[in-house]
Amino acid sequence: MDEKEKLKGITGFEEQQTVGLSPWMLSLLDELGSERKSPHWTYSFEDISLELIEGTQSLWIVTRFPGGGEIAFRAAYCPDGRLEIDQIQQTDTGIDVEISSTVGGFRVQVEFPHTGRAMLHCKTVLNPVAPLLIPFWPRDLIPLGREENLPASEGVIYAKQVGPRSGIVYFSLTRPRGGSVLYFQNLTSINEYCKQTETSLADTVGGEWPELGFALPTTTEKPIAADRDLVISDVYMVLDSHVPKDDLEMAPQFLDMLAQVFLALPRNETEYVHWPQIAEKSLRDLENEKCATQVRGRRYLNAYVADYDNPPESMVQLTALLPLLEYAEWSGEEIPLNDELLGGLPNFYDKDAQVLGRWMAAEKNKLDGSEPQKKPEAMDSWYLYHSLLNVSRLAIHGDKTAQKLFIDSLDYAIKVAHHFDYHWPVFYNMYTLEVQVPETKEGAGGETDVAGVYAHVMLQAYQLTKEERYLEEAKKAARTLKGLGFNLFYQANITLFGAGALLRLWKETGDEYFLQQSFVNLANTFNHMWLWECNYGYAEHYRTFFALFPLKDAPYTAVYEELEGFAAFHDYFMHYSGEMPEWLRVLVPEFLRNMLYKASFYYPPNLPKEVMTENPKTGELDPKLWIPVEDIYDGYELAGQVGQEVYGAGLPFGIIPRHYWRVPEKNFMIYVDYPITEFSTVHEGKAMFRVLGDPRFYCRLRIMPSGRGKLPNIEVITERDESTETLQPRETTEGHLEYDLYGDRTVIVQWNVSERKRANGKNNKNGRKGNKQ
């Protein structure tokens, strides 16, 4: 099978070829054609070679795959002038190249990170000779054709940056025979350029075949300063001679390449956020009259603060209720709101359709029809199964009312799936099943990831009833996801719920397809991450690194989808059995670690007033309430434009039971910002657990009093393989003890060690120390 035939296994990705040339592509023909200069420097990694070639206007790093295909990376560029290499210095990890040019001096640092994969890292610094405007800048990555016709290359682009997402292009060069490339522009390094020019890094990485990669955002009014070093590119490029034949091969390749980049990136440091305090404030503010509506003597949560124009919604109640119930179980605290929300759920059952609906059945005729979802008969495809999934969790937990609501809704849920043959539109009439909105946009399809969450609902039904028909439904739906590639993603939390369902199907059936397809779901999710820190404009006041975007075209991150994505990642990680792929150990714990800091900036009291809108689309924004805003943007957009999201208020209640572990008899808590398993306090004076993740990364372990008392004498010991280490604490201003804890090891927290040893008459012997691995 040739490379072109292989690509047919990935729906929506057609082979790209050159259809026209820009002037900047034509200049490449002179510099890299048959008259190209001899390389100044060469390097090889196994079967992939690289050459540094000086052109008239550009400095090129040309990569050659074993099959003969080449890609050219433009490491420096001098528009309408000349550049010249002054000096090349060898370093421990690569070379530094000094260049003089008409526009100023360049310093190009080339290195090859030791991650076990073929990877190029190239950082370019410009020192302009004068204040410099950038009205245009060419893209920096060109897949080449054969020497006699350099522009005539063919390949496929799987993914590229959308809005402010990660600065990636992931593609394969197929003719001439090449391989696959993940190009990652570390946009964090370009912040200073944006500050000086007042430009945005959204949609700066991508391009059309064959001119790909990064182009500096253009500026015709705000120049970059003269005589100052400025980073204008910081590229990591992972190379693989293999071209995936279908999306089941594509997904693990993409995830592995992304993890290799992550291993090489500078670590994004976080700060501790005391989520128990945010939980107390959130519980208090959920009682605020702006957060709820009284209907027939019962309280229902609004979707947004002061949103009185719309009737109550089932998803809103359930999305707040599930984390609140988890928190109540963790804390032992009675939360009256939980009983109110549980008691109101039957009022969302639509007797005409015989299913749990979106809107409160007796109130939905008050909808004004101003948007597709604000029509009484309209059903958003994901919404139906999302509410049923949450009700099923209550049912499995033993709630009799939820069991009845769930079981009574299943026939309708299956009828809809069969009617649309497991390929759902965006909106349909819930009574006639007539399609109201077929696609997100022309040619893009409907809600492409719903089959996964439907499979999850069916597996919940199977767990509750043990009826085989539900398992068969889950398997049928899951198989319809094959071939969608990066077109699978519609909504982040729904895609991740699907990943969890696929993992469960693999464990239930042993069929490897389901595991591989779960990787496709995860690849789609990581393709919609914000893997850079935006630090210009309003974003100086909040954090963006490793944020998750809610929808495939959304220009902002959203608290509700991030919370449910956070919980779904936890669930996937905890239910995975067997040896984890390296990328899974690296990426998921790091997402969780960053989320625990970054998510605190959704709260208005943590933001300056000037970064938030005063006129949200729905309701009002009260900067004093500990209710999160829905939306955070690139640094030139105000936060909270959609509204202050009451259904995102479950954030702290979802976080705390997963990252805080109580030792009630000693009145203290253990916090870890990586996932852990096997937490136990059965041994006197000890808490034991296993921290997951990759041993090359450390996380934060913090021990703190639960009340006003002091901590006992604490000792923390870690064990991995034959190595034991006693960790040294840092005492914080709050009186907490904090430790750096590396992943993938057993942890023992001991208290009052000296007193117990004296009581037992034993000598104190510390375990031998071992190196962090």
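Remember, predicted model here, so these are calculated numbers, not experimental data.

Asks: Mind showing me how you'd approach the layout of surface pockets here?
Replies: With a probe scaled to a water molecule rolled over the atoms, the places where space remains empty come into view. The computed volume of the largest pocket comes to approximately 1200 Å³. Leu322, Glu326, Arg393, Asp571 and Arg658 are, among the 39 residues lining the largest pocket, the residues nearest its centre. Contributing elements (two or more residues each) for the lining of the largest pocket: helix 6 (314-331), helix 7 (336-344), helix 8 (381-396), helix 10 (450-465), helix 12 (492-509), helix 14 (559-575) and helix 16 (651-659). Of the residues belonging to the lining of the largest pocket, the class tally is 19 nonpolar, twelve polar and eight charged.

Asks: Can you walk me through the sheet that holds strand 32 (residues 676-680) in this structure?
Replies: As a general point, the strands of a sheet are linked pairwise by backbone hydrogen bonds and lie either parallel or antiparallel. The strand order across the open sheet formed by five strands is 32-33-39-35-36, and the pairing between neighbours is antiparallel. Each end of this open sheet is capped by a strand with a single partner; those strands are strand 32 and strand 36 (723-726). For this sheet the average axis-to-axis angle between neighbouring strands, irrespective of direction, equals 20 degrees. Taken together, the six bridges between strand 33 (residues 686-691) and strand 39 (residues 745-751) define a ladder with antiparallel strand orientation. Each residue of the ladder has a partner; that of arginine 690, found in strand 39, is threonine 746.

Asks: What's the story with the pairing of strand 9 (residues 118-128) in this structure? I'm lost.
Replies: A regular strand places its side chains on the two faces of the sheet in alternate fashion. For strand 9, the tally of buried residues reaches nine of eleven residues, placing the bulk of the element in the interior. Pairing of strand 8 (residues 104-111) with strand 9 involves eight bridges; the strand directions are antiparallel. Its bridge partner lying in strand 9, phenylalanine 106 is registered against leucine 126. Where strand 8 folds back onto strand 9 in an antiparallel hairpin, the turn is made up of six residues, including glycine 116, whose phi is positive at roughly 90 degrees.

Asks: Teacher, can you tell me more about helix 15 (residues 582-598) here?
Replies: Since there are 3.6 residues in each turn of an α-helix, residues three or four apart along the chain are aligned in direction. Its 17 residues place the ends of helix 15 24 Å apart at the C-alpha level, agreeing with the 24 Å of an ideal helix rising 1.5 Å per residue. The buried fraction of helix 15 is high, at 16 of 17 residues.

Asks: How should the packing of aromatic side chains be read in this particular structure?
Replies: Two aromatic rings are characterised by how far apart their centres lie and by the angle between their planes. Inspection of the entire model under this criterion finds 47 aromatic pairs. Seen from their ring centres, phenylalanine 420 and tyrosine 428 are 5.2 Å apart, and the 55 degrees between their planes marks the pair as tilted. Both residues of the pair, phenylalanine 420 and tyrosine 428, belong to the buried class. With centroids separated by 6.2 Å and ring planes inclined at 40 degrees, the aromatic side chains of tyrosine 572 and tyrosine 576 adopt a geometry described as tilted. The exposure class assigned to tyrosine 572 is buried, which follows from its relative accessible area of 2%. Three or more aromatic residues joined by ring pairs form one cluster here, namely Phe262, Phe526, Phe545, Phe546, Phe569, Phe591 and Phe697. Taking NZ or CZ as reference, arginine 165 lies 4.1 Å from the ring centre of phenylalanine 549, over its face. One residue, arginine 393, lies across the ring of phenylalanine 497, its end atom 5.1 Å from the ring centre.

Reading the values: the criteria
Residues numbered from 1 in each chain as written. Predicted model: local features only at pLDDT ≥ 70, side-chain atom pairs only at ≥ 80, totals over all residues. Heavy atoms only, no water. 1 Å grid on protein atoms, 1.4 Å probe; cavity = no way out; pocket = protein on both sides within 12 Å on 5 of 7 lines; lining within 4 Å. Points joined across faces, edges and corners; volume = space filled by probe spheres on them. Helix = DSSP H or I, 4+ residues; strand = E, 2+ residues; numbered from the N terminus. Nonpolar A, V, L, I, M, F, W, Y, C, P; charged D, E, K, R; others polar. Pairing = 2+ DSSP bridges. Axes fitted to C-alpha atoms, helices over the stretch in contact; angles between N-to-C directions. Buried < 20%, exposed > 50% of the residue type's maximum accessible area, 1.4 Å probe, protein only. Expected span 1.5 Å × (residues − 1). Phe/Tyr/Trp six-rings, centres within 6.5 Å; stacked < 30°, edge-to-face > 60°. Lys NZ or Arg CZ within 6 Å of the ring centre and 35° of its normal.

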